[in-house]
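Fold and contact review
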Amino acid sequence: MHLACTKPKELGYAAELWTRQSLALHLRQQAQAAGHPSLAKAAKATVQRILDEQHLQPHKVKYYLERRDPEFEPKMKEVLMVYQEVAVQNRAAAEAPAEVAQNVITVSIDEKPGVQAIENTAPDLPPVPQKHSTVGRDHEYKRHGTLSILASLDLHDGHVVARVEERHRSREFIALLKDLDGYYPDGVTIRVILDNHSAHISKETRAYLATRPNRFSYVHTPKHGSWLNLVETLFGKMAHTFLRHIRVKSKAELKERILRGIAEINAAPVVHRWKKFDLLAP
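Residues numbered from 1 in each chain as written. Predicted model: local features only at pLDDT ≥ 70, side-chain atom pairs only at ≥ 80, totals over all residues. Heavy atoms only, no water.

**A look at the nonpolar core**
Put simply, the rule is: Here the nonpolar core consists of buried residues drawn from Ala, Val, Leu, Ile, Met, Phe, Trp, Tyr and Cys, with membership extended through side-chain atoms lying within 4.5 Å. Only protein chains enter the accessibility calculation, which uses a 1.4 Å probe; a residue whose area is less than 20% of its type maximum is buried, one above 50% is exposed, and one in between is partly exposed. Each helix is a run of H or I in the DSSP string that is no shorter than four residues. Each strand is a run of E no shorter than two, and both are numbered from the N terminus. In this description, contact between two residues means that some pair of their heavy atoms is separated by no more than 4.5 Å.
Counting 34 residues, the largest nonpolar core has Met 238 and Ile 258 as its most contacted members. Secondary structure elements with two or more residues in this core: α3 (72-95), β1 (104-120), β2 (141-154), β3 (160-165), α7 (231-240) and α8 (251-267). When residues of this core are assigned to their parent elements, the largest contribution, seven residues, is made by α3. With sequence-adjacent residues up to four places away left out, Ile 258 is seen in contact with Val 115, Ile 149, Val 164, Phe 242 and Leu 243. In this structure, Ile 105, Val 188, Leu 194 and Tyr 208 belong to the second largest nonpolar core, which totals 19 residues.

**Notes on the packing of helix α1 (residues 20-30) against helix α2 (residues 44-53)**
Spelled out, the test is: What counts as an axis is a line fitted to C-alpha atoms, over the stretch in contact for a helix, and the angles between N-to-C directions run from 0 to 180 degrees. Oblique is the label for any angle not under 35 degrees, not over 145, and not in the 65 to 115 range, which are roughly parallel, roughly antiparallel and roughly perpendicular in turn. In this classification, the charged set is Asp, Glu, Lys and Arg, the nonpolar set is Ala, Val, Leu, Ile, Met, Phe, Trp, Tyr, Cys and Pro, and all remaining amino acids, among them Gly, are polar.
Running from amino to carboxyl end, α1 crosses α2 at an angle of 105°, the nearest separation of the two axes being 8 Å. Taken as axis vectors, α1 and α2 run roughly perpendicular relative to one another. When α1 is examined against α2, the residues Arg 20, Gln 21, Leu 23, Ala 24 and Leu 27 are found in contact with a partner set consisting of Lys 44, Val 47, Gln 48 and Leu 51. Taken together, the residues of the contact of α1 with α2 break down into five nonpolar, two polar and two charged.

**A closer look at the pairing of β2**
To be explicit about the condition: Should DSSP find at least two bridges between two strands, the strands are regarded as paired.
Pairing of β1 with β2, which is carried by eleven bridges, proceeds in the antiparallel orientation. Following the sheet pairing, Ser 108 is matched in β2 by Leu 153. Relative to β3, β2 is paired through six bridges, and the arrangement is antiparallel. The residue of β3 that forms the bridge with Ile 149 is Val 164. Linking β2 back to β3 in an antiparallel pair, the connection comprises five residues, with Gly 158 at a positive phi of about 80°.

**A closer look at the packing of aromatic side chains**
Defined as follows: Two rings from Phe, Tyr or Trp (for Trp, the six-membered ring) form a pair when their centres sit within 6.5 Å of each other. Planes less than 30 degrees apart are called stacked, planes more than 60 degrees apart edge-to-face, and all others tilted.
This structure, assessed with the given rule, holds six aromatic pairs. Geometrically, the ring pair formed by Phe 72 and Trp 227 is stacked, given 6.3 Å between the ring centres and 25° between the ring planes. Taken together, the residues Phe 72 in helix α3 and Trp 227 in the loop between β5 (216-220) and α7 connect sequence positions 155 residues apart. According to the relative accessible area criterion, Phe 72 is buried, its value standing at 3%. Measuring from centroid to centroid gives 6.4 Å for Tyr 208 and Phe 216, while their planes differ by 55°, and the two rings are tilted. Each member of the pair Tyr 208 and Phe 216 is classed as buried. Among the aromatic residues, those joined into a cluster by ring pairs are Phe 72, Tyr 83, Trp 227 and Trp 274.

**A look at the pairing of strand β4 (residues 189-194)**
Counting buried residues along β4, five of its six residues qualify, which places the element largely inside the surrounding structure. Examined bridge by bridge, β1 and β4 share five bridges and lie parallel to one another. Across the sheet, residue Ile 105 finds its bridge partner in β4, namely Ile 190. Sheet analysis places β4 next to β5, joined by five bridges and oriented parallel.

Next comes the structure, spelled out in structure tokens:
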């Protein structure tokens with residue numbers, strides 16, 4: 001079992017992970033010298049049986065997120081407490097909308113960089129009944145570069161304020177903050193859940209925030225904890241809807257299509273909710 005828990009590259013092979021076939025081959029080659037003659041004729045089925053008995057799958061990878069922030073737990077709890085507070089606010093507003101004065105509006109902000117502007121080199125072929133059930137697409141394509149989506153998701157009503165930019169530096173982030181400042185009524189605090197990207201805390205950004213005292217309030221997700229930011233569910237929705245398989249002739253067209261997709265989201269907004277409050281348990 002020690003062998004199955006060791007990567008093949010550590011034994012001089014090129015592969016990163018074992019396959020059952022390569023593991024069986026290594027066993028056959030090394031069994032006699034290692035003092036295990038009974039494995040000298042081990043086949044793939046033998047390896048599979050042994051792995052199954054030990055509940056091991058060394059040919060598969062399951063990803064995880066390492067908690068590299070020493071303050072991960074308190075920062076995570078702060079974010080989740082905000083989500084709980086928003087849930088209470090939303091329930092109260094639904095039960096008695098005229099009686100609830102909203103002094104704090106919570107939004108979730110992040111950037112989605114590297115959205116590719118890809119053009120077909122040949123026309124797509126439409127499905128044909130009884131012949132071709134899917135859209136046909138040539139394998140070749142042309143790249144026109146990438147764009148970044150900077151988005152703010154309102155956690156109360158699902159409205160999205162977004163920009164599509166060539167880059168996502170401090171100036172682009174400040175432009176998004178100005179959009180939020182113009183969108184929401186004066187006198188309310190805009191509480192922003194966001195990560196520790198340099199543009200969010202740069203000298204330029206802090207200088208802008210100083211011109212709008214008490215207008216914005218930051219709640220940072222832990223480092224390596226972007227999964228705690230609800231706006232990621234919005235980006236997931238984009239990826240599975242209007243960005244999926246998208247083909248354009250230019251970056252200008254890509255920008256227009258993204259903004260059109262965001263307008264469609266705002267035409268029928270959905271409130272994104274956090275449901276895993278068991279993470280708050282001690």
